[in-house]
There are 2 protein chains.
Amino acid sequence: MIKKTISIDMDGVLADIKQSYLSYYFEETGICIDENDIIGQREADCVPDKTAISRYLHTPGFFRSIPVAKDAQDVVKELQNYYDIYVVSAAMEFPTSLFEKREWLQEHFPFISWKNIVFCGYKGVINTDFLIDDHIKNLDSFLGRGLLFETFHNVTEDRFERLKNWNDVHRFFITDLSNKVMNL
Amino acid sequence: MIKKTISIDMDGVLADIKQSYLSYYFEETGICIDENDIIGQREADCVPDKTAISRYLHTPGFFRSIPVAKDAQDVVKELQNYYDIYVVSAAMEFPTSLFEKREWLQEHFPFISWKNIVFCGYKGVINTDFLIDDHIKNLDSFLGRGLLFETFHNVTEDRFERLKNWNDVHRFFITDLSNKVMNL
């Protein structure tokens with residue numbers, strides 16, 4: 001049987017980029033922002049200095065040091081038993097991120113082959129059955145079924161099915177599927 | 001009208017990588033190999049030292065210095081009037097090449113947006129109407145219409161329509177199309 005294919009975004013999905021935004025801001029200013037206080041903010045507005053996020057995104061080392069999202073490793077590893085998993089990141093906007101993102105994946109997701117990694121600009125060119133992404137613009141351009149991974153900047157969006165965290169990804173792709181099969 | 005989409009490979013198609021193989025070998029050994037003498041050879045066998053090509057591919061700076069294929073710039077620029085052009089390179093195998101390839105494109109093809117660049121491992125995940133590539137394995141996995149761009153290592157392949165050079169790409173996508181439209 002041919003496996004269904006799932007594309008998974010990096011920043012905000014595999015990688016907990018909001019933690020890095022807040023850590024970098026704390027390092028720079030000494031001001032500690034609670035992650036609950038940024039819910040509903042746009043990415044660029046999640047710290048008071050509106051130039052900060054763009055500056056961090058262009059800082060060498062930024063993408064290499066982002067913490068892995070909670071439970072992402074275990075769930076992706078299990079998903080690989082049932083699906084072909086691709087990591088698809090719109091990394092091309094930040095050229096210095098390319099090597100860092102490749103190294104980050106090698107460290108944290110060594111069980112994902114280089115053959116299953118895609119760095120692009122526009123996700124409409126990606127041909128998989130599903131895309132898990134935190135950005136509406138990527139889900140909008142995607143031709144398959146888009147699933148919104150919840151993070152602070154997308155809590156008011158309602159146009160795509162929402163996965164609240166990696167346990168929810170597990171439920172959607174594994175638990176619910178098993179229940180369906182068992183009820184056949 | 002929605003434009004048809006064309007994916008274009010880098011090494012061996014936009015970039016004349018065989019020239020770099022032969023230049024690097026000449027630099028290393030002082031032995032000059034004529035490009036006509038490697039026709040029909042596999043890539044790894046195009047110089048007498050069978051370890052050399054792999055070594056060059058892992059040498060920092062190698063991908064950054066490859067010369068542009070003859071006529072590629074002019075033809076790609078013209079193709080953009082009629083098609084959505086994507087550059088799709090299986091760069092993921094060589095992590096150090098990622099940044100170099102991005103810079104190379106910025107220098108030689110600045111008219112291609114970062115949104116239209118894809119670095120991947122497996123081209124079966126790319127959803128465009130056409131793929132121009134010099135490697136059969138990429139054309140085999142591709143879901144759209146594959147076109148073989150001629151180079152020394154693929155002269156005996158006959159499973160895909162062959163484009164001998166960039167003038168031939170122009171003929172296929174522009175001249176022949178104009179003739180068809182005029183004869184309607």
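Residues numbered from 1 in each chain as written. Chains lettered and ligands numbered in written order. Predicted model: local features only at pLDDT ≥ 70, side-chain atom pairs only at ≥ 80, totals over all residues. Heavy atoms only, no water.

(A) Broad picture of the overall build of chain A. Helices and strands together make up the secondary structure of chain A, namely 6 helices and 6 strands. Along the chain direction, N to C, the helices and strands of chain A fall in the order β-α-α-α-β-α-β-β-α-β-β-α. In terms of overall dimensions, chain A is globule-like: its C-alpha atoms have a radius of gyration of 17 Å, near the 16 Å expected for 184 residues. Over its C-alpha atoms, taken along the principal directions, chain A stretches across nearly 55 × 30 × 30 Å. Split into buried and exposed, the 184 residues of chain A put 49% on the buried side. Contacts spanning at least 24 positions in sequence make up 64% of the contacts within chain A whose residues lie at least 6 apart. (Helix = DSSP H or I, 4+ residues; strand = E, 2+ residues; numbered from the N terminus. Rg over C-alpha atoms; globule rule 2.2 N^0.38 Å. Buried < 20%, exposed > 50% of the residue type's maximum accessible area, 1.4 Å probe, protein only. Contact = heavy atoms within 4.5 Å.)

(B) How the structure looks around the relation of the copies chain A and chain B. For the pair chain A and chain B, the relating rotation is 180°, the translation along its axis is 0.0 Å, and the fit reaches an RMSD of 0.0 Å. Interpreted geometrically, this transformation is the action of a two-fold axis. Interface overlap between copies: 100% of the residues of chain A at the interface are likewise at the interface in chain B, consistent with a symmetric, same-surface contact. (Least-squares fit on C-alpha atoms with pLDDT ≥ 70 in both.)

(C) Up close: the pattern of salt bridges. Evaluated as defined, the whole model comprises 34 salt bridges over all chains. Across the salt bridge formed by Arg-55 of chain B and Asp-49 of chain B, the nearest N and O atoms sit 3.3 Å from each other. Salt bridges here are not isolated pairs; linked through shared partners, they connect Asp-9, Lys-123 and Asp-133 of chain A. (Salt bridge = Lys/Arg side-chain N within 4 Å of Asp/Glu carboxyl O.)

(D) Just the side chain of His-108 of chain B, in detail. Residues and elements named next belong to chain B. Relative to the helices and strands, His-108 is located in helix α4 (residues 97–108). Exposure remark for His-108: the relative accessible area of 16% places this residue in the buried category. Once residues within four sequence positions are removed from consideration, His-108 is found in contact with Ile-66, Val-68 and Gln-73.

(E) Representation of the interface of chain A and chain B. Contacts between the two partners involve 22 residues from chain A and, on the opposite side, 22 residues from chain B. Between the two partners, chain A and chain B, sit 7 residue pairs in polar contact (both at pLDDT 80 or more). Elements that contribute at least two residues to the side of chain A that touches chain B include exactly α4 (97–108) and β3 (117–119) of chain A. A per-class count over the side of chain A that touches chain B returns 14 nonpolar, 5 polar and 3 charged. (Polar contact = N/O pair within 3.5 Å; in protein donor to acceptor, adjacent residues only side chain to side chain. Nonpolar A, V, L, I, M, F, W, Y, C, P; charged D, E, K, R; others polar.)

(F) Quick peek at the nonpolar core. Residues Trp-166 of chain A together with Trp-166 of chain B are the most contacted members of the largest nonpolar core, which totals 102 residues. Setting aside chain neighbours within four positions, we find Trp-166 of chain B in contact with Ile-8, Val-13, Leu-14, Ala-69, Lys-70, Asp-71, Ala-72, Val-75, Val-76, Leu-79 and Phe-149 of chain B. (Core = buried A, V, L, I, M, F, W, Y, C linked by side-chain atoms within 4.5 Å.)

(G) Fine view of the environment of Ile-112 of chain B. All names here are of chain B. Within the secondary structure, Ile-112 is located in the loop between α4 and β3 (117–119). Overall, the relative accessible area of 5% leaves Ile-112 in the buried class. For the pair formed by Ile-112 and Thr-5, sequence separation is 107 residues and the distance between their alpha carbons is 14 Å.

(H) Representation of unusual backbone geometry in the model. Positioned with a positive phi, Asp-71 of chain A is a non-glycine residue whose angle comes to about 70°. Positionally, Asp-71 of chain A belongs in the loop between α2 (52–57) and α3 (72–79).

(I) Spotlight on α3 of chain A. Along α3 of chain A, the positions that sit buried rather than exposed are Ala-72, Val-75, Val-76 and Leu-79 of chain A. All buried residues of α3 of chain A project into a common sector of 100° when viewed along the axis, lining one side. (Arc of directions from axis to C-beta.)

(J) The packing of aromatic side chains, seen in detail. Residues and elements named next belong to chain B. This model, assessed by the stated rule, comprises 26 aromatic pairs over all chains. For the ring pair Phe-130 and Phe-172, a centre distance of 6.2 Å and an interplane angle of 85° mean the geometry is edge-to-face. On the criterion of sequence distance, the pair formed by Phe-130 in strand β4 (residues 130–133) and Phe-172 in helix α6 (residues 166–183) is long-range, its members being 42 residues apart. A centroid spacing of 4.7 Å and a plane angle of 70° characterise the contact between Phe-172 and Phe-173, whose relative ring orientation is edge-to-face. Since its relative accessible area comes to 1%, Phe-173 is described here as buried. (Phe/Tyr/Trp six-rings, centres within 6.5 Å; stacked < 30°, edge-to-face > 60°.)

(K) Structural view of the pairing of strand β5 (residues 145–149) of chain A. All names here are of chain A. Counted residue by residue, β5 has 4 buried out of 5 residues, so it is predominantly covered. Relative to β5, strand β4 (residues 130–133) runs parallel, the two being bridged by 4 bridges. From the neighbouring strand, Asp-133 faces β5, where its bridge partner is Leu-148. Each parallel crossover has a hand, and for β4 linked through helix α5 (residues 136–141) to β5 it is right-handed. (Pairing = 2+ DSSP bridges. Right-handed = clockwise from strand over helix to strand, strands pointing away.)

(L) Fine view of the side chain of Asn-154 of chain B. All names here are of chain B. Of note, Asn-154 is situated in the loop between β5 (145–149) and β6 (161–163). The exposure class of Asn-154 is buried, given its relative accessible area of 1%. The residues touching Asn-154, leaving out its near neighbours within four places in the chain, are Asp-134, Leu-148, Phe-149 and Arg-162.

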